[in-house]
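Descriptive analysis of the structure
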Amino acid sequence: MKTPIHAINRFKKRIGHEITESELQELNELIINDDECVELVKWRRGNDISVYRIKWKGLEFYAIYFLTEYRIISFRNIEDEVHEDLGEYWREHDMQKLWDKK
């Protein structure tokens, strides 16, 4: 989650769709430009992240956007839980690394 490549890999795992780095940038731009296929669904004043519902290339999913660095850090399927706290995503990432080692 610390680089675009991490986000791409998370996208593949979470959404089940292959994505290139340029497509990741395209998704990032959709959020920055407030495109009509992007809807802000969770954000709290003073928080580091916002959660967007995205409709893109026939897919619908959540993109977790890191406001400080202006980039997507994670993705979720629509039926998945989404958090308002950045720390929850870092903890999940760390737990996933432990799970992958097993």
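Residues numbered from 1 in each chain as written. Predicted model: local features only at pLDDT ≥ 70, side-chain atom pairs only at ≥ 80, totals over all residues. Heavy atoms only, no water.

**A short note on the overall build of the protein chain**
In terms of regular secondary structure, the protein chain is built from 3 helices and 4 strands. Its helices and strands in sequence order give the protein chain the pattern α-α-β-β-β-β-α, from N to C terminus. Burial status across the protein chain gives 40% buried among its 102 residues. The long-range fraction of contacts in the protein chain, counting pairs at least 24 apart against all pairs at least 6 apart in sequence, stands at 43%. A total of about 6,300 Å² of accessible surface is found on the protein chain, and carbon and sulfur atoms cover 49% of it. (Helix = DSSP H or I, 4+ residues; strand = E, 2+ residues; numbered from the N terminus. Buried < 20%, exposed > 50% of the residue type's maximum accessible area, 1.4 Å probe, protein only. Contact = heavy atoms within 4.5 Å. Areas by Shrake-Rupley, 256 points an atom, 1.4 Å probe, with all protein chains shown as cover.)

**Some thoughts on the nonpolar core**
The biggest cluster of nonpolar side chains holds 18 residues, and the ones touching the most others in it are Leu-27, Ile-54 and Phe-75. At the level of secondary structure, the elements contributing two or more residues to this core comprise helix H1 (4–15), helix H2 (21–32), strand E2 (49–56), strand E3 (59–66) and strand E4 (71–77). Other than its neighbours up to four places away in sequence, Phe-75 contacts Ala-7, Phe-11, Arg-14, Ile-15, Leu-24, Leu-27, Phe-61, Tyr-62, Ala-63 and Ile-64. Within the second largest apolar cluster, 9 residues are counted, among which are Ile-49, Val-51, Tyr-62 and Ile-73. (Core = buried A, V, L, I, M, F, W, Y, C linked by side-chain atoms within 4.5 Å.)

**Here we look at the confidence of the model for the protein chain**
Considering every residue of the protein chain, the mean pLDDT works out to 80; 83% of them sit at 70 or more. When pLDDT is averaged over each element of the protein chain, E2 comes out on top at 93 and helix H3 (residues 86–101) at the bottom at 62. (pLDDT = per-residue confidence, 0-100.)

**Overview of unusual backbone geometry**
With a phi angle near 55 degrees, Asp-34 is a residue other than glycine that sits in the positive phi range. Note on placement: Asp-34 falls in the loop between H2 and strand E1 (38–43). Unlike most non-glycine residues, Tyr-70 shows phi in positive territory, near 55 degrees.

**Let's talk about the sheet that holds E1**
The strand order across the open sheet built from 4 strands is E1-E2-E3-E4, with neighbouring strands paired in antiparallel fashion. The sheet is open, and its two edges are formed by E1 and E4, each paired on a single side. The sheet shows a mean angle of 30 degrees between the axes of neighbouring strands, direction not considered. Two elements, E1 and E2, share 5 bridges in a ladder whose sense is antiparallel. (Pairing = 2+ DSSP bridges. Axes fitted to C-alpha atoms, helices over the stretch in contact; angles between N-to-C directions.)

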